[in-house]
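Residue-level structural notes
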Amino acid sequence: MYDWIIDVLFWIAVVFLVGVYVSWRATRLDRLHVRVETARAALDAALVRRAAATLELAASRLLDPATSLVLATAAHEARTADADNREFAESDLSRALRAVVDQPEFVGSLSARGAAEGVLDELSAAAAKVAYARRFYNDAVSQARIARRKLLIRVLPLAGRAPLPDFFEIDDDPPGI
């Protein structure tokens, strides 16, 4: 007599649990996308800071004019590059920094002129933060991509219209300051 009530309650419980699980997966995916956006903002800030530190070194009159021009041009290109060319411009800035700073006795010759330690310390810290920020961003992208490959996410459009995040691959080896 009460068998149909038990069957209905059972199916209501199943639907409820499936709904809770789907909601949990959608919320997790949303949090991963927010994490990607936050990591991207931190990466952008670190890249801008590195370019600013490079411009400060180039404008410090501690370098010869040709070296200052190379660094200033690379930093300017990195700051003004569009989304399609940003990775290339940032990699070029990394290579330019290493080409200049990794020369033998570079730090010693600047230290002899005085007032270079602050600029070099800031540049070193900015370059290290770029490497860390890129690593965190790519980790967040990897986790979001893994989550979006799950069958439930693909069958039910839980990602909505959010674009699939891309990795940010640059040459971010810091100069040896």
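Residues numbered from 1 in each chain as written. Predicted model: local features only at pLDDT ≥ 70, side-chain atom pairs only at ≥ 80, totals over all residues. Heavy atoms only, no water.

With respect to the overall build of the protein
- Of regular secondary structure, the protein possesses 6 helices and 0 strands.
- Along the protein, helices (α) and strands (β) appear in the sequence α-α-α-α-α-α when read from the amino end.
- Rg of the C-alpha trace for the protein: 25 Å, well past the compact-globule value of 16 Å for 177 residues, more than 25% over.
- Here the C-alpha coordinates of the protein stretch approximately 95 × 25 × 20 Å along the principal axes.
- Every one of the 177 residues in the protein was classed for burial, and the buried ones make up 35%.
- Partitioning the contacts of the protein with sequence separation of at least 6, the portion at a separation of at least 24 is 78%.
- As displayed, the protein offers around 10900 Å² of accessible surface, 61% of which is attributable to carbon and sulfur atoms.
- Between the mean site of the 22 positive side-chain charges and the mean site of the 24 negative ones, the protein shows a separation of 5 Å. (Helix = DSSP H or I, 4+ residues; strand = E, 2+ residues; numbered from the N terminus. Rg over C-alpha atoms; globule rule 2.2 N^0.38 Å. Buried < 20%, exposed > 50% of the residue type's maximum accessible area, 1.4 Å probe, protein only. Contact = heavy atoms within 4.5 Å. Areas by Shrake-Rupley, 256 points an atom, 1.4 Å probe, with all protein chains shown as cover. Lys, Arg positive; Asp, Glu negative; His and termini not counted. Charge placed at Lys NZ, Arg CZ, Asp CG, Glu CD.)

Description of the confidence of the model for the protein
- Confidence in the prediction of the protein, expressed as mean pLDDT, is 86, and 94% of residues score 70 or more.
- Averaged pLDDT values over the elements of the protein bottom out at 68 in helix α4 (residues 106–113) and peak at 91 in helix α1 (residues 3–58). (pLDDT = per-residue confidence, 0-100.)

Some remarks on the packing of aromatic side chains
- All chains considered together, the criterion is met by 2 aromatic pairs.
- Here the aromatic rings of F10 and W11 are separated by 5.2 Å at their centres, their planes lie at 75 degrees, and the arrangement is edge-to-face.
- The exposure class assigned to F10 is partly exposed, which follows from its relative accessible area of 48%.
- Taking 5.8 Å as the distance between ring centres and 35 degrees as the angle between the ring planes, the aromatic pair formed by Y21 and W24 counts as tilted. One end of the pair is Y21 and the other is W24, both in helix α1 and 3 residues apart, which spans about a single turn.
- Taking relative accessible area as the criterion, Y21 reaches 44% and is therefore assigned partly exposed.
- Since its relative accessible area comes to 42%, W24 is described here as partly exposed.
- One Lys or Arg, R40, reaches over the ring of Y137 and ends 5.5 Å from the middle of that ring. (Phe/Tyr/Trp six-rings, centres within 6.5 Å; stacked < 30°, edge-to-face > 60°. Lys NZ or Arg CZ within 6 Å of the ring centre and 35° of its normal.)

Quick notes on a nonpolar patch on the surface
- Together, Y2, W4, I5, V8, L9 and I12 give the surface a local cluster of nonpolar side chains, amounting to about 640 Å² of exposed area.
- Take Y2: it is sitting in the segment before α1.
- Its relative accessible area of 54% is what places Y2 among the exposed residues. (Patch = residues over 30% accessible without salt bridge, like charges linked within 9 Å, V, L, I, M, F, W, Y side chains within 5 Å. Salt bridge = Lys/Arg side-chain N within 4 Å of Asp/Glu carboxyl O.)

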